[in-house]
Amino acid sequence: MIFGAIADLVSYAVRTNLIEEADRVWAVNVLLEELGLPTWEETAPRERPLEQILQEILDWAVENGRIADGTASRDLFDTKLMGRLTPRPGEVRRTFWEKYRRSPEEATDWYYAFSQNTDYIRRYRVARDWKWVTSTPYGDLDITVNLSKPEKDPRAIAAAKTAPQSGYPKCLLCRENEGFAGDLTRPARQNHRVVPVTIDQTDWFFQYSPYVYYPEHCIVFNGQHVPMRIDRSAFRKLLDFVKQFPHYFVGSNADLPIVGGSILSHDHFQGGRYTFAMERAPVERAVSFPGFTDVEAGIVQWPMSVLRLRCEDDERLVDLAEKVLNRWRNYTDPAAIIFAETDGEPHNTITPIARKRDGKFELDLVLRNNLTTKDYPLGLYHPHPELHHIKKENIGLIEVMGLAVLPARLKTELSALARALTEGRDIRGDEALAKHADWAEEVQTRHTFTRENAMEILQNEVGAVFATVLEHAGVYKCTKEGRRAFLRFLRDVK
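Chemist: Any chance you could break down the environment of Ile353 for me, citing the residues and the numbers?
Modeler: The topology assignment puts Ile353 in strand E13 (residues 348-357). With relative accessibility at 0%, the residue Ile353 sits in the buried group. Taking the C-alpha atoms as reference points, Ile353 and Asp109, separated by 244 residues in sequence, lie 22 Å from one another. Not counting residues up to four positions away in its chain, the partners in contact with Ile353 are Phe249, Val250, Gly251, Met278, Glu362, Leu363, Asp364, Val366, Leu397 and Met401.

Laid out in structure tokens, this is it:
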């Protein structure tokens, strides 16, 4: 009965400290209003998972004509309900900074739990993501098949064609998303709260990603809707954030297409509390720069081209990083197929990552280049066509550090491929699996597939493909020639 679900949702809100016990009657009434119910029947609440409670309410809303059926309509409505039970922004910010004054970790622990309790981070969806770890020559790489981001509902797509268009908010990162009702093309955010932070004397905001690709996956974004830009100020901002939250790393996508992230129109960083394989990777060769004897520097043993800088003085890191960036922006080495620009289009940029480790500030500078060629129209330093059956999308910050974010289609395709390999079926004749045929046939030359081992083999082979993806994205390869070319560039930084 709907009254039981309402009672359960109110009790959930009390139990998770979204509202107080004194708010219980008020909360019942606001939910009755949203559901169009004129009366109330007192019902003893039950403690059960939030997903189950919301599912019951949504089913009732569909059956009684309150909302249309479909993922988009359901998400809009349950977010609206949770928004009515979510504390206002001012209260959230006061609580965060009160806890921060005691400990930055206490503040982020509370805020992360809060962002889950409001259902902004849908824990039950994130739990569906398919994850494993693959050992490679570069260390243990994290592999994720993203199942938590909802697929586009065909009914929502059709309805959106006739819906009025709006430029507010300007993008999914803008601060104006806080409390936004959403529509069939943009997610509702009534249960979303952001925290203001000041970095490099500018107003930014801090939030968590609703899709949480790794623990405490946060987003730090500019208060103004301005494009991504890697420059001295970007390095300064990254290190300022690490100063304030030393238990978190933070990094930025590059600021050029192909090698950048999915949102280049709004300046933002991503961070969190997680140790990626790239951070664990050692420095394979120390290097030095004139005038910076106090800065430890070296080439990282990693498939992408990473220069690691370490120093107790964060301003010295900013000074040196700026020199590296300025030289890289204008650096050309035809022998290494590195061109700063072609036909006026710039190609060189950097993906920077900041952290604090063992009492020192650390900056990893990942050299990027978005050159395209006739043979590689999607990018020379991008996954090559033979890998597109697994990964075709841009290699952004998260992948750079060693976590593959793979498309949801792979869950179904790998399961079907495992069955086909164990049953000896024709893969090339299967329309859904034909894209994997060359790869699968090569893998068969090295493995004997059984029902018991098929999926484990395929998962490990997908991890090996991801390692190759990173090698393709590296501007300097892990070869003698590649390392010599890398050193040529570093010696040119003055």
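Chemist: Describe the layout of surface pockets, naming the residues involved and giving the relevant values.
Modeler: Of the voids in this model, the second largest pocket is the one considered here, and its volume is about 280 Å³. Around the second largest pocket, the lining comprises 14 residues; the ones closest to its centre are Leu18, Ile19, Thr86, Pro87 and Glu91. Residue classes in the lining of the second largest pocket are distributed as 5 nonpolar, 3 polar and 6 charged.

Chemist: Hey, could you go over the sheet that holds strand E6 (residues 249-251) for me, with residue numbers and the actual values?
Modeler: Pairing is antiparallel in the open sheet, where 10 strands are placed in the order E3-E4-E5-E7-E6-E13-E14-E10-E9-E8. Edge positions in the sheet fall to strand E3 (195-199) and strand E8 (283-287), since each has one partner strand and no second. Within the sheet, the average angular offset between the axes of one strand and its neighbour, ignoring direction, is 25°. Of the strand pairs in this sheet, E8 and strand E9 (residues 296-300) are connected by 4 bridges, and their pairing is antiparallel. Along E9, the bridge assignment pairs Ala286 with Gly298. Relative to the sheet, helix H9 (residues 232-244) contacts E3, strand E4 (202-208), strand E5 (218-222), E6, strand E7 (268-272), E13 and strand E14 (360-369), its axis offset from that of E13 by approximately 20°.

Thresholds applied
Residues numbered from 1 in each chain as written. Predicted model: local features only at pLDDT ≥ 70, side-chain atom pairs only at ≥ 80, totals over all residues. Heavy atoms only, no water. Helix = DSSP H or I, 4+ residues; strand = E, 2+ residues; numbered from the N terminus. Buried < 20%, exposed > 50% of the residue type's maximum accessible area, 1.4 Å probe, protein only. Contact = heavy atoms within 4.5 Å. 1 Å grid on protein atoms, 1.4 Å probe; cavity = no way out; pocket = protein on both sides within 12 Å on 5 of 7 lines; lining within 4 Å. Points joined across faces, edges and corners; volume = space filled by probe spheres on them. Nonpolar A, V, L, I, M, F, W, Y, C, P; charged D, E, K, R; others polar. Pairing = 2+ DSSP bridges. Axes fitted to C-alpha atoms, helices over the stretch in contact; angles between N-to-C directions.

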